[in-house]
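So the chains spell out like this:
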Amino acid sequence: MELTCKVLLLLALCICHAESADPLGEFCNTNTNIGKGSQISANIDRLLAELVSKTPSNGFLATSFGKGRDQVFGLAQCRGDVSSSDCSSCIQDAANVIRRRCPNQADSRIGYDYCFLRYSNKSFAGEVDTSFGILLGNVANVTDPEKFKKELGALVDEIRAQAVEPRNGGLGKGETKLSELVTLYALVQCTRDLSPINCAQCLAIAVGNFENFCDNRKGCRVLYSSCYVRYELYPFFFPLDSKNTMAAGDTLMAIVYP
Ligand SMILES: *[C@@H]1O[C@H](CO)[C@@H](O)[C@H](O)[C@H]1NC(C)=O
Ligand SMILES: *[C@@H]1O[C@H](CO)[C@@H](O)[C@H](O)[C@H]1NC(C)=O
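Residues numbered from 1 in each chain as written. Chains lettered and ligands numbered in written order. Predicted model: local features only at pLDDT ≥ 70, side-chain atom pairs only at ≥ 80, totals over all residues. Heavy atoms only, no water.

**Looking at the state of the cysteines**
Alright, step 1. If you walk through the whole model with that rule in mind, you get six disulfides.
Alright, step 2. Disulfide pairing is shown between Cys-90 and Cys-115; the S-S distance is 2.1 Å. Residues Cys-90 and Cys-115 share a disulfide whose torsion about the S-S bond is about -85°; that sign makes it left-handed. A residue pair is termed long-range when its members are at least 10 positions apart, and Cys-90 in helix H2 (residues 84-101) and Cys-115 in strand S6 (residues 115-120) qualify at 25 residues.
Alright, step 3. A residue is classified by how much of its surface remains accessible, and Cys-115, at 2% relative accessible area, is buried. (Disulfide = S-S within 2.5 Å. Helix = DSSP H or I, 4+ residues; strand = E, 2+ residues; numbered from the N terminus. Buried < 20%, exposed > 50% of the residue type's maximum accessible area, 1.4 Å probe, protein only.)

Here it is, written out as structure tokens:
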């Protein structure tokens, strides 16, 4: 990775999800610093209020607020398999946390497993953006890398094809049995402002990390501003096909850039 990276080793990260408002990561673009009492800052607050109130009903909203140089553009989206109540709490957390962590930046982004939120003084809808990235992987490796790579590749091809079907809202998900006891689960999600071709492009870049960062890891996530991919050896998307979603004790490793 050519960019400067923050590398964090998260020991025994707790996966008691829906419990904390900790994001996977956020990006505060320091090239877009703004004043606290500025009109644009007030517009961001209005924009966030609209995103919080209107996103959960269909899981996606791209909108703008204000005029001229103080106009701000925003996008919020929940993963397509997430309920509207989980969506609502995720977007609320996102809106609160991003204003605390990026109080003075017009271009800010924040990502969770269940949702993603961003705003900027520059219009960005429809564009593929992979400039901000979070890679999060299990430090443990699979035991049969050859077979795993083949099965993962086939599953990901299948769910990428789902994601670019307009009626699927950028979501693809599926599972495949690796053995009697082991099942592989994978999910891809594009932001819904993307055309199918741009969705395919973002996913290709995200899945490109399977070769390097994710290589043979038992689980891995890649989050960009335009798409998200994740695979695990336990169920993590809805509807859950078992109660056994815990990965407690797994050690994860993260790279956040820029
Ligand atoms: C966004 O804000 C930054 C910082 O105030 C400014 O430099 C930049 O020109 C603005 N961009 C647009 C498209 O207005
Ligand atoms: C997993 O495999 C990588 C090489 O592919 C190796 O560097 C790493 O130490 C392995 N991790 C464990 C926990 O064995």
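Next comes the rest of the write-up.
**Looking at the sheet that holds strand S3 (residues 60-65)**
Alright, step 1. Strand order in this open sheet of five strands is S2-S5-S6-S4-S3, and the pairing throughout is antiparallel. The sheet terminates laterally at strand S2 (25-28) and S3, the two strands that pair on one side only. Going from strand to strand, the sheet's axes swing by 5° on average, the running direction of each strand aside.
Alright, step 2. With four bridges joining them, strand S5 (residues 108-111) and S6 adopt antiparallel strand pairing. (Pairing = 2+ DSSP bridges. Axes fitted to C-alpha atoms, helices over the stretch in contact; angles between N-to-C directions.)

**Quick look at the packing of helix H3 (residues 145-163) against helix H4 (residues 196-208)**
Alright, step 1. Running from amino to carboxyl end, H3 crosses H4 at an angle of 155°, the nearest separation of the two axes being 10 Å. In terms of their interaxial angle, H3 and H4 are classed as roughly antiparallel. Here H3 runs over H4; the crossing is right-handed. Between H3 and H4, the contacting residues are Val-156, Arg-160 and Ala-163 on the first element and Cys-199, Leu-203, Ala-204 and Val-207 on the second. (Parallel < 35°, antiparallel > 145°, perpendicular 65-115°, else oblique. Left-handed = near helix turned anticlockwise from the far one by under 90°. Contact = heavy atoms within 4.5 Å.)

**Structural notes on the confidence of the model for the protein**
Alright, step 1. Predicted confidence across the protein gives a mean pLDDT of 91, with 89% of residues reaching 70 or more.
Alright, step 2. Between residues 1-5, whose pLDDT stays under 50, and residues either more than four places distant or in other chains, the model counts ten contacts.
Alright, step 3. Note on residues 9-19: pLDDT under 50 across the span, and 17 contacts to partners over four residues away in sequence or across chains. (pLDDT = per-residue confidence, 0-100.)

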